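Given next are the chains, with one letter for each unit.
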Amino acid sequence: MKLAEFYAAIGPFLEGKSGHEEAARALYGEASTRTARQAIDAERLAIYGRFCARHRFDALEFTFEETRRALVQLQDESRWAALVADYFRAHPMHHAELNENGRELPAFLLREAGARELPSWLCELADLEWWSFRTRVAPDDPRDAADGTGALRLGATVELRPYAHELPGWLEARSSDALPDVRADAPAPRPCVVLFWRDRDLDTRFAEATPLELAVMHAVHEGLPLTSAAARVGASAHQLDETLADLHGAGILRGTLPLASAS
Amino acid sequence: MRIAGIGVGLRKPFAHALLETDRRVDWLEVTPENWVFFGGGARRMLDACRERWPMVQHGVSLDIGGLSALDGTYLDAVAALNAKLDAPWWSDHVCYSSVNGAPLHDLLPLPFSEEAVLHVASRAREIQSRVDGELVLENATFYAHMPGGTMSEADFLCAILDEGKCGLLLDVNNVYVNAMNHGPRDSDALAIARAFIDRMPMQKVRQLHVAGHTRVGETVIDTHIGPVIEPVWELYRHALKRAGRLVPTLIEWDNEIPALDVVLDEVDAARAHAEAALGAAAPLSRESEKP
(Lines give C-alpha, C1' and ligand atoms only; values in the text may rest on other atoms or scores of the structure.)
Protein backbone atom coordinates (compact mmCIF):
# COMPACT_ATOMS: atom_id res chain seq x y z
CA MET A 1 0.00 0.00 0.00
CA LYS A 2 1.43 3.36 -1.06
CA LEU A 3 1.43 6.30 1.33
CA ALA A 4 -1.25 8.14 -0.61
CA GLU A 5 -3.56 5.11 -0.42
CA PHE A 6 -2.73 4.66 3.24
CA TYR A 7 -3.72 8.20 4.13
CA ALA A 8 -6.86 8.00 2.02
CA ALA A 9 -7.86 4.85 3.91
CA ILE A 10 -7.06 5.98 7.43
CA GLY A 11 -7.74 9.74 7.26
CA PRO A 12 -11.55 9.77 7.50
CA PHE A 13 -11.42 7.38 10.47
CA LEU A 14 -8.96 9.51 12.40
CA GLU A 15 -11.00 12.62 11.67
CA GLY A 16 -14.11 10.93 13.04
CA LYS A 17 -15.80 10.82 9.64
CA SER A 18 -15.92 7.03 9.31
CA GLY A 19 -16.02 4.07 11.63
CA HIS A 20 -13.40 1.64 12.85
CA GLU A 21 -14.64 -1.36 10.89
CA GLU A 22 -14.64 0.55 7.63
CA ALA A 23 -11.07 1.75 8.21
CA ALA A 24 -9.90 -1.70 9.35
CA ARG A 25 -11.34 -3.23 6.14
CA ALA A 26 -9.64 -0.61 3.98
CA LEU A 27 -6.30 -1.13 5.71
CA TYR A 28 -6.24 -4.83 6.59
CA GLY A 29 -8.86 -6.42 4.34
CA GLU A 30 -11.95 -8.37 5.33
CA ALA A 31 -11.88 -9.84 8.83
CA SER A 32 -12.06 -13.38 7.47
CA THR A 33 -8.89 -12.94 5.40
CA ARG A 34 -6.68 -11.31 8.02
CA THR A 35 -3.63 -13.03 9.48
CA ALA A 36 -3.36 -13.27 13.27
CA ARG A 37 -1.01 -10.26 13.21
CA GLN A 38 -3.40 -8.25 11.03
CA ALA A 39 -6.30 -9.14 13.28
CA ILE A 40 -4.47 -7.67 16.26
CA ASP A 41 -3.44 -4.61 14.27
CA ALA A 42 -6.99 -4.09 13.02
CA GLU A 43 -8.33 -4.31 16.54
CA ARG A 44 -5.72 -1.93 17.93
CA LEU A 45 -6.40 0.56 15.17
CA ALA A 46 -9.38 1.55 17.31
CA ILE A 47 -6.96 3.01 19.88
CA TYR A 48 -6.00 5.75 17.43
CA GLY A 49 -9.62 6.56 16.69
CA ARG A 50 -10.22 7.01 20.43
CA PHE A 51 -7.09 9.13 20.88
CA CYS A 52 -7.99 11.48 18.05
CA ALA A 53 -11.58 11.77 19.26
CA ARG A 54 -10.33 12.57 22.77
CA HIS A 55 -8.20 15.41 21.39
CA ARG A 56 -11.28 16.92 19.74
CA PHE A 57 -12.98 17.03 23.13
CA ASP A 58 -9.83 18.40 24.77
CA ALA A 59 -9.64 21.15 22.18
CA LEU A 60 -12.98 22.52 23.39
CA GLU A 61 -13.35 21.44 26.98
CA PHE A 62 -10.50 23.47 28.42
CA THR A 63 -11.62 26.78 26.91
CA PHE A 64 -15.37 26.16 27.01
CA GLU A 65 -15.62 24.49 30.39
CA GLU A 66 -18.74 26.40 31.52
CA THR A 67 -20.40 26.14 28.12
CA ARG A 68 -20.01 22.39 28.22
CA ARG A 69 -21.24 22.20 31.81
CA ALA A 70 -24.32 24.29 31.01
CA LEU A 71 -25.12 22.31 27.87
CA VAL A 72 -24.84 19.01 29.69
CA GLN A 73 -27.12 20.33 32.44
CA LEU A 74 -29.65 21.55 29.88
CA GLN A 75 -29.44 18.42 27.72
CA ASP A 76 -26.97 15.60 28.31
CA GLU A 77 -23.45 14.33 27.57
CA SER A 78 -24.49 12.72 24.31
CA ARG A 79 -25.72 16.06 22.93
CA TRP A 80 -22.37 17.63 23.86
CA ALA A 81 -20.53 14.77 22.17
CA ALA A 82 -22.64 15.20 19.04
CA LEU A 83 -21.95 18.92 19.04
CA VAL A 84 -18.18 18.37 19.32
CA ALA A 85 -18.27 15.91 16.42
CA ASP A 86 -20.39 18.20 14.24
CA TYR A 87 -18.28 21.22 15.08
CA PHE A 88 -15.09 19.56 13.88
CA ARG A 89 -16.80 18.29 10.74
CA ALA A 90 -17.69 21.91 9.99
CA HIS A 91 -14.40 23.33 11.26
CA PRO A 92 -11.56 20.80 10.98
CA MET A 93 -8.59 21.39 13.23
CA HIS A 94 -6.19 23.87 11.70
CA HIS A 95 -3.77 24.96 14.41
CA ALA A 96 -0.84 23.39 16.27
CA GLU A 97 -2.04 24.99 19.51
CA LEU A 98 -4.91 22.75 20.51
CA ASN A 99 -7.25 25.34 22.05
CA GLU A 100 -6.97 27.64 19.05
CA ASN A 101 -9.07 25.10 17.15
CA GLY A 102 -12.10 26.17 19.20
CA ARG A 103 -12.10 29.64 17.68
CA GLU A 104 -15.28 29.13 15.64
CA LEU A 105 -17.36 27.47 18.35
CA PRO A 106 -19.28 30.62 19.43
CA ALA A 107 -20.29 31.35 15.83
CA PHE A 108 -21.10 27.66 15.26
CA LEU A 109 -23.37 27.63 18.31
CA LEU A 110 -25.11 30.77 17.12
CA ARG A 111 -25.85 29.14 13.77
CA GLU A 112 -26.94 25.88 15.36
CA ALA A 113 -28.87 27.21 18.35
CA GLY A 114 -32.30 26.78 16.78
CA ALA A 115 -31.77 23.31 15.42
CA ARG A 116 -30.20 22.12 18.67
CA GLU A 117 -32.73 23.86 20.93
CA LEU A 118 -30.01 25.85 22.68
CA PRO A 119 -30.81 29.09 24.54
CA SER A 120 -29.22 32.21 23.10
CA TRP A 121 -27.35 32.86 26.34
CA LEU A 122 -25.35 29.66 25.79
CA CYS A 123 -23.91 31.16 22.60
CA GLU A 124 -23.01 34.28 24.57
CA LEU A 125 -21.42 32.16 27.28
CA ALA A 126 -19.23 30.46 24.67
CA ASP A 127 -18.27 33.86 23.29
CA LEU A 128 -17.35 35.05 26.79
CA GLU A 129 -15.22 31.96 27.42
CA TRP A 130 -13.50 32.34 24.07
CA TRP A 131 -12.61 35.98 24.76
CA SER A 132 -11.45 35.09 28.24
CA PHE A 133 -9.08 32.58 26.65
CA ARG A 134 -7.98 35.03 23.95
CA THR A 135 -7.25 37.65 26.60
CA ARG A 136 -5.17 35.18 28.59
CA VAL A 137 -2.96 34.20 25.65
CA ALA A 138 -2.90 37.50 23.73
CA PRO A 139 0.57 38.55 22.55
CA ASP A 140 2.48 40.87 24.82
CA ASP A 141 2.57 44.49 23.74
CA PRO A 142 5.74 46.42 24.63
CA ARG A 143 3.63 49.52 25.25
CA ASP A 144 2.07 47.75 28.23
CA ALA A 145 5.53 47.12 29.65
CA ALA A 146 6.24 50.88 29.58
CA ASP A 147 3.30 51.24 31.89
CA GLY A 148 3.65 54.46 33.86
CA THR A 149 4.87 56.58 30.98
CA GLY A 150 3.33 58.22 27.95
CA ALA A 151 -0.18 59.34 27.20
CA LEU A 152 -3.14 57.68 28.86
CA ARG A 153 -4.18 54.69 26.75
CA LEU A 154 -6.07 51.44 26.83
CA GLY A 155 -4.13 48.32 27.80
CA ALA A 156 -3.28 46.23 24.75
CA THR A 157 -5.47 43.31 25.84
CA VAL A 158 -8.63 45.34 26.53
CA GLU A 159 -11.65 43.98 24.69
CA LEU A 160 -15.35 44.83 25.01
CA ARG A 161 -18.13 42.39 24.11
CA PRO A 162 -21.85 43.23 24.23
CA TYR A 163 -24.25 40.55 25.50
CA ALA A 164 -28.00 40.37 25.98
CA HIS A 165 -27.66 38.48 29.27
CA GLU A 166 -25.99 39.32 32.55
CA LEU A 167 -23.27 36.69 32.37
CA PRO A 168 -20.49 37.83 34.77
CA GLY A 169 -22.71 37.88 37.88
CA TRP A 170 -24.34 34.61 36.90
CA LEU A 171 -21.00 32.91 36.45
CA GLU A 172 -19.75 34.25 39.75
CA ALA A 173 -22.80 32.93 41.60
CA ARG A 174 -22.51 29.63 39.78
CA SER A 175 -18.95 29.12 40.92
CA SER A 176 -19.47 30.51 44.42
CA ASP A 177 -20.50 28.72 47.57
CA ALA A 178 -23.96 30.25 47.35
CA LEU A 179 -26.76 27.89 48.23
CA PRO A 180 -28.11 26.03 45.19
CA ASP A 181 -31.51 27.72 45.48
CA VAL A 182 -30.00 31.17 45.00
CA ARG A 183 -28.17 30.10 41.83
CA ALA A 184 -30.20 30.80 38.74
CA ASP A 185 -30.33 28.15 36.02
CA ALA A 186 -29.84 30.82 33.39
CA PRO A 187 -28.41 34.33 33.36
CA ALA A 188 -30.95 37.15 33.56
CA PRO A 189 -31.82 38.75 30.23
CA ARG A 190 -30.32 42.22 30.54
CA PRO A 191 -28.04 43.98 28.06
CA CYS A 192 -24.52 44.33 29.38
CA VAL A 193 -21.07 45.07 28.01
CA VAL A 194 -18.34 42.82 29.33
CA LEU A 195 -14.82 44.16 29.59
CA PHE A 196 -11.92 41.73 29.23
CA TRP A 197 -8.34 42.59 30.10
CA ARG A 198 -5.08 41.28 31.48
CA ASP A 199 -3.98 42.99 34.70
CA ARG A 200 -0.45 43.96 35.67
CA ASP A 201 0.14 40.52 37.16
CA LEU A 202 -0.86 39.14 33.74
CA ASP A 203 -3.97 37.53 35.20
CA THR A 204 -7.07 37.50 33.00
CA ARG A 205 -10.06 39.50 34.21
CA PHE A 206 -13.54 40.19 32.96
CA ALA A 207 -16.33 42.29 34.43
CA GLU A 208 -19.40 44.19 33.39
CA ALA A 209 -18.43 47.73 32.41
CA THR A 210 -20.42 50.65 33.82
CA PRO A 211 -21.65 53.46 31.54
CA LEU A 212 -19.03 55.81 32.99
CA GLU A 213 -16.24 53.28 32.46
CA LEU A 214 -17.37 52.81 28.87
CA ALA A 215 -17.49 56.57 28.33
CA VAL A 216 -13.98 56.99 29.78
CA MET A 217 -12.53 54.14 27.72
CA HIS A 218 -14.15 55.52 24.58
CA ALA A 219 -12.76 58.99 25.27
CA VAL A 220 -9.27 57.63 25.94
CA HIS A 221 -9.37 55.51 22.80
CA GLU A 222 -10.57 58.39 20.62
CA GLY A 223 -8.45 61.09 22.32
CA LEU A 224 -11.54 63.03 23.44
CA PRO A 225 -11.79 65.20 26.57
CA LEU A 226 -12.52 63.08 29.62
CA THR A 227 -14.64 65.70 31.37
CA SER A 228 -17.16 65.90 28.52
CA ALA A 229 -17.29 62.09 28.35
CA ALA A 230 -18.16 62.04 32.06
CA ALA A 231 -20.72 64.80 31.67
CA ARG A 232 -22.44 62.83 28.90
CA VAL A 233 -23.29 60.09 31.38
CA GLY A 234 -24.10 62.52 34.19
CA ALA A 235 -20.94 61.81 36.24
CA SER A 236 -19.26 64.36 38.48
CA ALA A 237 -15.55 65.25 38.38
CA HIS A 238 -15.10 63.28 41.58
CA GLN A 239 -16.73 60.20 40.05
CA LEU A 240 -14.54 60.62 36.99
CA ASP A 241 -11.41 60.78 39.15
CA GLU A 242 -12.45 57.63 41.00
CA THR A 243 -13.20 55.79 37.79
CA LEU A 244 -9.91 56.81 36.20
CA ALA A 245 -8.05 55.64 39.29
CA ASP A 246 -9.96 52.33 39.32
CA LEU A 247 -9.37 51.67 35.62
CA HIS A 248 -5.70 52.59 35.90
CA GLY A 249 -5.23 50.56 39.08
CA ALA A 250 -6.77 47.52 37.41
CA GLY A 251 -4.43 47.82 34.43
CA ILE A 252 -7.22 48.63 31.99
CA LEU A 253 -5.75 52.09 31.41
CA ARG A 254 -2.01 52.48 31.03
CA GLY A 255 0.25 55.51 30.82
CA THR A 256 0.24 58.67 32.90
CA LEU A 257 -2.92 59.19 34.91
CA PRO A 258 -4.24 62.76 34.71
CA LEU A 259 -6.47 64.49 37.22
CA ALA A 260 -9.95 64.76 35.80
CA SER A 261 -10.05 68.47 36.52
CA ALA A 262 -6.96 68.91 34.40
CA SER A 263 -8.10 66.73 31.49
CA MET B 1 23.65 26.56 25.36
CA ARG B 2 24.87 23.21 26.62
CA ILE B 3 22.34 20.48 27.39
CA ALA B 4 23.77 17.97 29.86
CA GLY B 5 22.65 15.81 32.75
CA ILE B 6 19.07 15.04 33.79
CA GLY B 7 16.13 17.29 32.94
CA VAL B 8 12.38 17.49 33.13
CA GLY B 9 9.67 18.62 30.74
CA LEU B 10 8.36 22.08 31.58
CA ARG B 11 4.71 21.48 32.46
CA LYS B 12 2.30 24.19 33.54
CA PRO B 13 0.94 22.31 36.59
CA PHE B 14 4.33 22.45 38.29
CA ALA B 15 6.02 25.34 36.53
CA HIS B 16 5.66 27.76 39.46
CA ALA B 17 6.94 25.15 41.91
CA LEU B 18 9.87 24.45 39.62
CA LEU B 19 11.00 28.06 39.80
CA GLU B 20 10.92 27.88 43.59
CA THR B 21 12.66 24.56 44.13
CA ASP B 22 16.26 24.32 45.14
CA ARG B 23 16.46 20.69 44.07
CA ARG B 24 18.71 19.94 41.17
CA VAL B 25 17.37 20.01 37.62
CA ASP B 26 20.00 20.30 34.89
CA TRP B 27 17.89 21.36 31.94
CA LEU B 28 14.32 21.66 30.68
CA GLU B 29 12.49 20.44 27.65
CA VAL B 30 9.64 22.58 26.37
CA THR B 31 6.78 21.56 24.11
CA PRO B 32 6.55 24.55 21.76
CA GLU B 33 2.85 24.07 21.03
CA ASN B 34 2.07 24.84 24.68
CA TRP B 35 4.13 28.02 24.90
CA VAL B 36 5.10 29.76 21.69
CA PHE B 37 1.63 31.00 20.77
CA PHE B 38 0.98 32.45 24.23
CA GLY B 39 1.72 35.86 25.66
CA GLY B 40 1.02 36.88 29.24
CA GLY B 41 1.72 34.55 32.12
CA ALA B 42 2.90 31.69 29.93
CA ARG B 43 5.43 33.89 28.19
CA ARG B 44 6.65 35.27 31.52
CA MET B 45 7.02 31.74 32.91
CA LEU B 46 8.95 30.59 29.85
CA ASP B 47 11.28 33.57 30.09
CA ALA B 48 11.89 32.98 33.80
CA CYS B 49 12.73 29.32 33.19
CA ARG B 50 14.93 30.22 30.24
CA GLU B 51 17.01 32.48 32.45
CA ARG B 52 17.59 29.69 34.94
CA TRP B 53 18.01 26.52 32.87
CA PRO B 54 19.26 25.48 29.46
CA MET B 55 16.24 24.47 27.38
CA VAL B 56 15.48 22.53 24.22
CA GLN B 57 12.24 22.16 22.30
CA HIS B 58 10.41 18.88 21.85
CA GLY B 59 7.46 19.26 19.51
CA VAL B 60 4.46 17.14 18.67
CA SER B 61 3.15 18.91 15.54
CA LEU B 62 5.94 18.65 12.98
CA ASP B 63 4.01 16.01 11.05
CA ILE B 64 7.19 14.86 9.41
CA GLY B 65 5.54 11.81 7.90
CA GLY B 66 2.37 13.52 6.76
CA LEU B 67 1.38 14.42 3.23
CA SER B 68 0.06 17.84 4.23
CA ALA B 69 2.23 20.86 3.52
CA LEU B 70 4.57 21.71 6.38
CA ASP B 71 3.02 24.23 8.77
CA GLY B 72 5.01 27.41 8.09
CA THR B 73 3.53 29.28 11.06
CA TYR B 74 4.58 26.49 13.36
CA LEU B 75 8.06 26.19 11.87
CA ASP B 76 8.58 29.95 12.15
CA ALA B 77 7.57 29.82 15.81
CA VAL B 78 9.92 26.91 16.48
CA ALA B 79 12.75 28.69 14.66
CA ALA B 80 12.19 31.87 16.67
CA LEU B 81 12.22 30.02 19.99
CA ASN B 82 15.25 27.98 18.96
CA ALA B 83 17.15 31.20 18.32
CA LYS B 84 16.06 32.57 21.68
CA LEU B 85 17.07 29.38 23.49
CA ASP B 86 20.36 29.12 21.62
CA ALA B 87 19.62 25.40 21.64
CA PRO B 88 21.92 22.92 19.89
CA TRP B 89 19.00 20.83 18.61
CA TRP B 90 15.24 20.49 18.65
CA SER B 91 13.19 17.37 18.42
CA ASP B 92 9.93 15.82 17.30
CA HIS B 93 8.73 12.31 16.50
CA VAL B 94 8.93 9.85 13.62
CA CYS B 95 5.23 9.83 12.90
CA TYR B 96 2.50 11.78 11.15
CA SER B 97 0.07 14.06 12.96
CA SER B 98 -2.28 15.45 10.35
CA VAL B 99 -4.47 14.25 7.50
CA ASN B 100 -5.97 16.30 4.70
CA GLY B 101 -4.24 19.37 6.11
CA ALA B 102 -6.00 19.00 9.47
CA PRO B 103 -3.88 18.45 12.59
CA LEU B 104 -4.98 15.46 14.66
CA HIS B 105 -2.89 16.27 17.73
CA ASP B 106 -1.65 12.73 18.05
CA LEU B 107 1.55 10.90 17.14
CA LEU B 108 0.44 8.37 14.56
CA PRO B 109 2.52 5.50 13.21
CA LEU B 110 3.75 5.30 9.64
CA PRO B 111 4.08 2.17 7.55
CA PHE B 112 7.68 0.99 7.88
CA SER B 113 8.33 1.26 4.15
CA GLU B 114 11.05 2.56 1.84
CA GLU B 115 8.60 5.08 0.46
CA ALA B 116 7.96 6.43 3.96
CA VAL B 117 11.72 6.61 4.64
CA LEU B 118 12.28 8.71 1.54
CA HIS B 119 9.27 10.88 2.27
CA VAL B 120 10.29 11.57 5.88
CA ALA B 121 13.92 12.14 4.96
CA SER B 122 12.96 14.59 2.25
CA ARG B 123 10.82 16.58 4.66
CA ALA B 124 13.56 16.41 7.31
CA ARG B 125 16.01 18.01 4.90
CA GLU B 126 13.49 20.69 3.97
CA ILE B 127 12.77 21.42 7.62
CA GLN B 128 16.47 21.70 8.44
CA SER B 129 16.86 24.22 5.66
CA ARG B 130 14.19 26.35 7.37
CA VAL B 131 15.02 25.98 11.06
CA ASP B 132 18.49 26.38 12.55
CA GLY B 133 19.68 23.71 14.95
CA GLU B 134 19.92 19.99 14.38
CA LEU B 135 16.60 18.20 13.92
CA VAL B 136 16.45 15.24 16.27
CA LEU B 137 13.77 12.59 15.79
CA GLU B 138 12.29 10.34 18.45
CA ASN B 139 11.35 6.70 18.04
CA ALA B 140 7.59 6.71 18.66
CA THR B 141 5.35 4.06 20.13
CA PHE B 142 3.01 2.19 17.81
CA TYR B 143 0.13 -0.02 18.81
CA ALA B 144 -0.57 -1.42 15.36
CA HIS B 145 1.58 -2.10 12.31
CA MET B 146 0.40 -0.01 9.42
CA PRO B 147 -0.12 -1.76 6.08
CA GLY B 148 2.55 -1.33 3.46
CA GLY B 149 5.43 -1.89 5.84
CA THR B 150 8.39 -3.87 4.54
CA MET B 151 11.03 -3.13 7.17
CA SER B 152 11.59 -3.61 10.88
CA GLU B 153 11.10 -0.58 13.08
CA ALA B 154 14.85 -0.43 13.79
CA ASP B 155 15.76 -0.53 10.08
CA PHE B 156 13.10 2.08 9.34
CA LEU B 157 14.40 4.43 12.00
CA CYS B 158 18.06 4.02 11.08
CA ALA B 159 17.31 4.64 7.41
CA ILE B 160 15.45 7.85 8.23
CA LEU B 161 18.33 9.10 10.39
CA ASP B 162 20.81 8.36 7.60
CA GLU B 163 18.77 9.74 4.72
CA GLY B 164 17.42 12.72 6.63
CA LYS B 165 20.70 13.65 8.36
CA CYS B 166 18.96 13.79 11.72
CA GLY B 167 19.94 13.08 15.29
CA LEU B 168 18.11 10.53 17.42
CA LEU B 169 16.10 11.03 20.57
CA LEU B 170 15.99 7.52 21.95
CA ASP B 171 12.89 7.08 24.09
CA VAL B 172 13.73 4.08 26.22
CA ASN B 173 10.18 3.73 27.48
CA ASN B 174 8.90 3.65 23.91
CA VAL B 175 11.34 0.87 23.09
CA TYR B 176 9.99 -1.14 26.01
CA VAL B 177 6.34 -0.38 25.24
CA ASN B 178 6.80 -1.47 21.62
CA ALA B 179 8.58 -4.64 22.73
CA MET B 180 5.74 -5.42 25.11
CA ASN B 181 3.08 -4.78 22.49
CA HIS B 182 4.68 -6.47 19.52
CA GLY B 183 6.93 -9.19 20.86
CA PRO B 184 5.74 -12.76 20.50
CA ARG B 185 3.52 -13.96 23.35
CA ASP B 186 5.60 -15.06 26.35
CA SER B 187 8.72 -13.56 24.79
CA ASP B 188 11.28 -11.64 26.83
CA ALA B 189 10.32 -8.00 26.20
CA LEU B 190 13.51 -6.79 27.83
CA ALA B 191 15.66 -8.87 25.51
CA ILE B 192 13.73 -7.58 22.49
CA ALA B 193 14.11 -4.02 23.74
CA ARG B 194 17.83 -4.45 24.40
CA ALA B 195 18.29 -5.80 20.89
CA PHE B 196 16.49 -2.75 19.49
CA ILE B 197 18.74 -0.41 21.44
CA ASP B 198 21.78 -2.34 20.21
CA ARG B 199 20.69 -1.54 16.65
CA MET B 200 20.58 2.19 17.28
CA PRO B 201 23.46 4.42 16.14
CA MET B 202 24.50 5.66 19.59
CA GLN B 203 26.78 8.33 18.17
CA LYS B 204 23.65 10.02 16.80
CA VAL B 205 21.74 9.91 20.08
CA ARG B 206 21.35 13.43 21.45
CA GLN B 207 18.81 12.72 24.16
CA LEU B 208 17.16 9.91 26.07
CA HIS B 209 13.60 9.88 27.38
CA VAL B 210 12.34 7.74 30.24
CA ALA B 211 8.73 7.67 31.38
CA GLY B 212 5.95 5.67 32.92
CA HIS B 213 3.33 3.78 30.96
CA THR B 214 -0.02 2.08 31.59
CA ARG B 215 -1.31 -1.39 30.83
CA VAL B 216 -4.84 -1.32 29.41
CA GLY B 217 -6.05 -4.86 28.91
CA GLU B 218 -3.61 -6.63 26.60
CA THR B 219 -1.99 -3.41 25.41
CA VAL B 220 0.63 -1.21 27.04
CA ILE B 221 -0.10 2.46 26.43
CA ASP B 222 2.58 5.15 26.47
CA THR B 223 0.74 7.45 28.88
CA HIS B 224 3.69 9.19 30.55
CA ILE B 225 1.92 8.51 33.84
CA GLY B 226 3.59 7.31 36.98
CA PRO B 227 7.15 6.53 37.96
CA VAL B 228 9.55 4.74 35.65
CA ILE B 229 9.43 0.99 36.24
CA GLU B 230 12.54 -1.11 36.84
CA PRO B 231 12.65 -2.79 33.40
CA VAL B 232 12.78 0.67 31.80
CA TRP B 233 15.53 1.74 34.20
CA GLU B 234 17.38 -1.42 33.23
CA LEU B 235 17.10 -0.46 29.57
CA TYR B 236 18.20 3.06 30.45
CA ARG B 237 21.35 1.74 32.08
CA HIS B 238 21.89 -0.50 29.04
CA ALA B 239 21.56 2.47 26.67
CA LEU B 240 24.00 4.56 28.69
CA LYS B 241 26.54 1.74 28.76
CA ARG B 242 26.21 1.37 25.00
CA ALA B 243 26.68 5.12 24.57
CA GLY B 244 29.56 5.24 27.05
CA ARG B 245 28.51 8.70 28.21
CA LEU B 246 25.75 10.41 30.12
CA VAL B 247 23.42 11.22 27.26
CA PRO B 248 21.15 14.13 28.31
CA THR B 249 18.16 12.42 29.84
CA LEU B 250 14.62 13.64 30.33
CA ILE B 251 12.00 12.45 32.79
CA GLU B 252 8.61 12.59 31.05
CA TRP B 253 5.57 12.78 33.31
CA ASP B 254 2.81 14.42 31.30
CA ASN B 255 -0.49 13.12 32.64
CA GLU B 256 -1.85 12.77 36.16
CA ILE B 257 1.05 15.02 37.06
CA PRO B 258 1.93 14.80 40.76
CA ALA B 259 3.61 17.32 43.03
CA LEU B 260 6.92 18.51 41.64
CA ASP B 261 8.93 16.72 44.31
CA VAL B 262 7.59 13.38 43.11
CA VAL B 263 8.80 14.17 39.58
CA LEU B 264 12.14 15.34 40.93
CA ASP B 265 12.51 12.08 42.83
CA GLU B 266 12.55 10.49 39.37
CA VAL B 267 15.27 12.95 38.30
CA ASP B 268 17.34 11.85 41.29
CA ALA B 269 16.63 8.23 40.44
CA ALA B 270 17.84 8.77 36.86
CA ARG B 271 21.03 10.29 38.20
CA ALA B 272 21.60 7.29 40.43
CA HIS B 273 20.95 4.87 37.54
CA ALA B 274 23.37 6.83 35.36
CA GLU B 275 26.02 6.58 38.05
CA ALA B 276 25.38 2.85 38.37
CA ALA B 277 25.70 2.43 34.61
CA LEU B 278 28.65 4.66 33.96
CA GLY B 279 30.50 4.96 37.24
CA ALA B 280 33.22 7.54 36.92
CA ALA B 281 32.21 8.29 33.33
CA ALA B 282 28.99 9.94 34.55
CA PRO B 283 29.54 13.62 35.29
CA LEU B 284 27.15 13.63 38.19
CA SER B 285 28.13 16.55 40.33
CA ARG B 286 27.33 20.13 39.47
CA GLU B 287 31.00 21.03 39.70
CA SER B 288 32.12 18.39 37.26
CA GLU B 289 29.78 19.81 34.62
CA LYS B 290 31.23 23.29 34.76
CA PRO B 291 33.32 24.04 31.71
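It should be noted that the structure appears before, not after, this text.
A few points on the structure. (Residues numbered from 1 in each chain as written. Chains lettered and ligands numbered in written order. Predicted model: local features only at pLDDT ≥ 70, side-chain atom pairs only at ≥ 80, totals over all residues. Heavy atoms only, no water.)

## Considering the overall build of chain B
Thought 1: The helix and strand tally for chain B stands at ten helices and twelve strands.
Thought 2: Its C-alpha radius of gyration of 18 Å places chain B within 12% of the 19 Å reference for a compact globule of 291 residues.
Thought 3: Each principal axis of the C-alpha atoms in chain B carries an extent, and together these give about 50 × 45 × 35 Å.
Thought 4: Within chain B, buried positions represent 62% of all 291 residues.
Thought 5: Nonlocal contacts in chain B, meaning residues at least 24 apart in sequence, comprise 78% of its contacts between residues at least 6 apart.
Thought 6: Surface exposure of chain B reaches about 10,900 Å², of which carbon and sulfur atoms provide 50%.
Thought 7: Side-chain charges of chain B comprise 27 positive and 41 negative groups, with the mean position of each set lying 5 Å from the other. (Helix = DSSP H or I, 4+ residues; strand = E, 2+ residues; numbered from the N terminus. Rg over C-alpha atoms; globule rule 2.2 N^0.38 Å. Buried < 20%, exposed > 50% of the residue type's maximum accessible area, 1.4 Å probe, protein only. Contact = heavy atoms within 4.5 Å. Areas by Shrake-Rupley, 256 points an atom, 1.4 Å probe, with all protein chains shown as cover. Lys, Arg positive; Asp, Glu negative; His and termini not counted. Charge placed at Lys NZ, Arg CZ, Asp CG, Glu CD.)

## Topic: the side chain of Glu 129 of chain A
Residue and element names in this part refer to chain A.
Thought 1: Here Glu 129 shows up in helix α7 (residues 120-137).
Thought 2: Here Glu 129 is buried and forms no salt bridge, its nearest opposite-charge partner Arg 69 lying at an N-O distance of 8.1 Å.
Thought 3: Residue contacts for Glu 129: discarding those within four places in its chain leaves Thr 63, Phe 64, Glu 65, Glu 66 and Thr 67. (Salt bridge = Lys/Arg side-chain N within 4 Å of Asp/Glu carboxyl O.)

## Some words on the interface of chain B and chain A
Thought 1: The interface is formed by 44 residues belonging to chain B together with 39 residues belonging to chain A.
Thought 2: Here chain B and chain A share an interface that buries about 3,500 Å² over both sides, 62% of which is from carbon and sulfur atoms.
Thought 3: Contact with chain A buries surface across chain B, with His 105, Tyr 143 and Pro 147 of chain B losing the most and accounting together for 17% of the total.
Thought 4: At the boundary of chain B and chain A, one finds one salt bridge.
Thought 5: For the salt bridge of Arg 43 of chain B with Asp 140 of chain A, the shortest nitrogen-to-oxygen distance reads 2.5 Å.
Thought 6: At the junction of chain B and chain A, the tally comes to 15 residue pairs in polar contact (both at pLDDT 80 or more).
Thought 7: Looking at the side of chain B that touches chain A, the elements with two or more residues in it are α2 (40-52), β5 (96-99), β6 (102-108), α4 (114-130), α6 (172-182) and β11 (219-221) of chain B.
Thought 8: Broken down by element, the side of chain B that touches chain A gets its largest block of residues, seven residues, from β6 of chain B. (Buried area = accessible area lost by both parts, 1.4 Å probe. Polar contact = N/O pair within 3.5 Å; in protein donor to acceptor, adjacent residues only side chain to side chain.)

## Here's the deal with the sheet that holds strand β4 (residues 204-208) of chain A
Residues and elements named next belong to chain A.
Thought 1: Pairing within the open sheet is antiparallel, and its three strands lie in the order β2-β3-β4. In the strand order of this sheet, the two ends are held by β2 (159-165) and β4, each with one partner. With strand direction ignored, the average angle separating the axes of adjacent strands in the sheet is 25°.
Thought 2: Alignment of β2 against strand β3 (residues 189-198), held across six bridges, turns out to be antiparallel. Bridge pairing in β3 places Leu 160 opposite Leu 195.
Thought 3: This element, α7, spans β2, β3 and β4 of the sheet and lies at about 165° to β2. (Pairing = 2+ DSSP bridges. Axes fitted to C-alpha atoms, helices over the stretch in contact; angles between N-to-C directions.)

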